[in-house]
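Observations on the three-dimensional arrangement
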Amino acid sequence: KMDGIETLSISDTTAVSPDKVYPLTSDLFTADPSAHVFNGRLYVYPSHDFESGIPEDDLGSHFNMMDYHVFSMDSVGGKVTDHGLALHIDNVPWAGRQMWAPDAAKKGDDYFLYFPVKDKDDIFRIGVATGKNPEGPFSALEKPIGGSYSMDPAVFMDDDGKYYMYFGGIWGGQLQKWDNGKYIGEDKYPEADEPALSPKMAMLAEDMVSFAEEPRDVVVLDEKGKPIVTSDNDRRFFEAAWVHKYKNRYYLSYSTGDTHKIVYAIGDSPYGPFTYQGVLLDPVLGWTNHHSIVEYNGKWWLFFHDSSLSGGKTHLRSVKMTELKYHPDGSIQRINAYVE
Ligand code: FUB
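What counts and what doesn't
- Residues numbered from 1 in each chain as written.
- Predicted model: local features only at pLDDT ≥ 70, side-chain atom pairs only at ≥ 80, totals over all residues.
- Heavy atoms only, no water.
- Phe/Tyr/Trp six-rings, centres within 6.5 Å; stacked < 30°, edge-to-face > 60°.
- Helix = DSSP H or I, 4+ residues; strand = E, 2+ residues; numbered from the N terminus.
- Buried < 20%, exposed > 50% of the residue type's maximum accessible area, 1.4 Å probe, protein only.
- Lys NZ or Arg CZ within 6 Å of the ring centre and 35° of its normal.
- Near = heavy atom within 4 Å.
- Polar contact = N/O pair within 3.5 Å; in protein donor to acceptor, adjacent residues only side chain to side chain.
- Areas by Shrake-Rupley, 256 points an atom, 1.4 Å probe, with all protein chains shown as cover.
- Nonpolar A, V, L, I, M, F, W, Y, C, P; charged D, E, K, R; others polar.
- Core = buried A, V, L, I, M, F, W, Y, C linked by side-chain atoms within 4.5 Å.
- Contact = heavy atoms within 4.5 Å.
- Salt bridge = Lys/Arg side-chain N within 4 Å of Asp/Glu carboxyl O.
- Pairing = 2+ DSSP bridges.

Re the packing of aromatic side chains
Considering all chains together, one arrives at 25 aromatic pairs under this definition. Their ring planes at 70 degrees and their centres at 5.6 Å tell us that Phe-38 and Tyr-111 sit as a pair that is edge-to-face. Placement of the pair is Phe-38 in strand E2 (residues 29-38) and Tyr-111 in strand E8 (residues 110-119), with a sequence separation of 73 residues. Judged by relative accessible area, Phe-38 falls into the buried class, the value being 7%. Taking 4.4 Å as the distance between ring centres and 20 degrees as the angle between the ring planes, the aromatic pair formed by Tyr-149 and Trp-178 counts as stacked. Here Tyr-149 is found in the loop between strand E10 (139-140) and strand E11 (154-157), whereas its partner Trp-178 is found in strand E13 (residues 178-179), with 29 residues between them in sequence. An aromatic cluster of three or more residues is present, and its members are Tyr-149, Phe-167, Trp-178, Tyr-183 and Phe-211. A cation over a ring is seen here: Arg-235 above Tyr-276, with NZ or CZ 5.2 Å from the ring centre.

Describing the site of the ligand
Taken together, the neighbourhood of the ligand is formed by Asp-32, Ser-47, Met-65, Trp-100, Ala-101, Met-151, Asp-152, Glu-239, Thr-288, His-290, His-305 and Arg-317. Between the ligand and Asp-152, the relevant distance is 2.6 Å, taken from an oxygen atom to a side-chain nitrogen or oxygen of the residue. In the complex, the protein chains occlude 99% of the 270 Å² of accessible area that the ligand would expose alone. Here the residues of the shell around the ligand are counted per class, giving four nonpolar, four polar and four charged.

Some words on the nonpolar core
One finds Tyr-114, Met-165, Tyr-166, Leu-204 and Leu-252 to be the most contacted residues of the largest nonpolar core, which totals 41 residues. What Tyr-114 contacts, discounting residues up to four positions off in sequence, is Pro-102, Asp-103, Ala-104, Ala-105, Gly-127, Val-128, Ile-145, Pro-153, Val-155, Met-165, Leu-204 and Met-208. Judged by nonpolar contacts, the second largest core, of 25 residues, contains Met-65, Met-99, Ala-104 and Ala-129.

A closer look at the pattern of salt bridges
Following the criterion strictly, the structure yields 22 salt bridges and no others. Of the charged contacts in the structure, one is a salt bridge between Asp-217 and Lys-200, with a shortest N-O distance of 2.4 Å. One end of the pair, Asp-217, is in strand E16 (residues 216-217); the other, Lys-200, is in strand E15 (residues 200-203), with 17 residues separating them in the sequence. For Lys-200, a relative accessible area of 12% translates into the label buried. Asp-232 is the partner of Arg-235 in a salt bridge, and the nearest nitrogen-oxygen pair spans 2.8 Å.

Brief notes about unusual backbone geometry
Of note, the amide linkage connecting Gly-136 to Pro-137 takes the cis form, showing an omega dihedral of 5 degrees. If you trace the backbone, Pro-137 turns up in the loop between strand E9 (124-131) and E10. Here Asp-32, not a glycine, exhibits a phi torsion of approximately 55 degrees, which is positive. Here Asp-32 shows up in strand E2. A relative accessible area of 6% places Asp-32 in the buried class.

Quick look at the side chain of Ser-34
Locating Ser-34 in the fold gives a position in strand E2. Those residues within four positions of Ser-34 in sequence are excluded, and the remaining contacts are Tyr-43, Val-44, Tyr-45, Pro-102, Asp-103, Trp-242 and Ser-292.

So, the environment of Thr-288
Examined against the element boundaries, Thr-288 turns out to sit in the loop between strand E21 (274-281) and strand E22 (292-296). With relative accessibility at 9%, the residue Thr-288 sits in the buried group. Each C-alpha atom, one on Thr-288 and one on Ile-262, is 10.0 Å from the other, the two residues being 26 residues apart in sequence. Thr-288 has contacts with Phe-63, Glu-239, His-305 and Arg-317, leaving out every residue within four places of it along the chain. For Thr-288, the side chain forms a polar contact with the side chain of Arg-317, separated by 2.9 Å.

Brief notes about the sheet that holds E11
Overall, antiparallel pairing links the four strands, which are arranged E11-E12-E15-E16 in an open sheet. If you trace the sheet from one side to the other, it starts and ends with E11 and E16, each paired once. The pairing of strand E12 (residues 163-167) with E15 spans four bridges and is classified as antiparallel. From the neighbouring strand, Tyr-164 faces E15, where its bridge partner is Met-203.

Let's talk about the pairing of E12
Where a strand is regular, its side chains alternate between the two sheet faces. Across the five residues that make up E12, a large majority, five, are buried. What you see with E12 is no split at all: Tyr-163, Met-165 and Phe-167 on one side and Tyr-164 and Tyr-166 on the other are buried throughout. Across four bridges, E11 lies against E12 in antiparallel orientation. For Met-157, the partnering residue across the bridge sits in E12 and is Tyr-163. Linking E11 to E12, which pair antiparallel, is a turn of five residues; within it Gly-161 sits at a positive phi near 85 degrees.

Focus on the pairing of strand E4 (residues 67-73)
For E4, the buried fraction is high: seven of the seven residues fall into the buried class. With burial as the criterion, each face of E4 is covered, one bearing Asp-67, His-69, Phe-71 and Met-73 and the other bearing Tyr-68, Val-70 and Ser-72. Where strand E3 (residues 41-49) meets E4, three bridges bridge the pair, whose relative direction is antiparallel. Within the sheet, the bridge partner assigned to Tyr-43 lies in E4 and is Ser-72. Alignment of E4 against strand E5 (residues 81-88), held across five bridges, turns out to be antiparallel. When the sheet's bridge partners are listed, Ser-72 is paired in E5 with Thr-81.

So this is what it looks like as structure tokens:
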């Protein structure tokens, strides 16, 4: 048994309706919102969905995004500003196609946009672009982050000023094509009863554009302290890792992909292990479910997307936010965005 945090007693099996859902964008399709508070203002770094005409497949080829816009607001429910083009694929020297879910970080007076995109060999890598303003524009480095692979970067800053990147995603995200940091070019999943593929994480170096260490596995344990296994599709990691800290404990949340939930696990170190707790967001309209969690003005907010604005087109999504609530024991109240 690995050491983990106990499964909290108040874990919701039934979802409640959110207090209020705030749609954030309607002029552009947006997805995978990563939210941060910089200088007292709320910034959202989403994917920018558009109709490229590429047919839908299991590898997500129809998610053929080419650029990023940053959005911001100074109050929940207030005006949301679209700051325009922040980074275009044509300005990323090594990029091939598919700009997927980004994230951002601030260190001192510098801002960093982290983004997954396939390189010219069609292998997902994680890139970084820097800027002097939270909304961009950002200027991409010549090469992806050394030792990075797969997708969905999420950067967490701990209270001691250290930054950690969590990343990875299976199926179209290609995590299953990597073995111990080496690209094997074919799909290799652990057996059904073996520990599932884990998200990866690494501390960022002082420069914020490289890893300070080799990426390692982020282990998610079940209530018995055993790693969650490959066949456990309702709980195993698929994509969209996010880490936040609440009352001194680390919360890892992620999408279960083909079972379409956002679930969470708690640990007492940014390295984990994390113990599975439950669902925090039920499936939304559209195949993907991808979120972020941030504290703003004393409340906690869940950012997510769905395909309601496009009439259900999975690759044309729109970001929203709603309040996230905790039970007294630190467990998270489960939300279904559509329950009346
Ligand atoms: O937006 C493209 C991909 O869909 C993201 O990288 C995944 O997390 C999923 O939301």
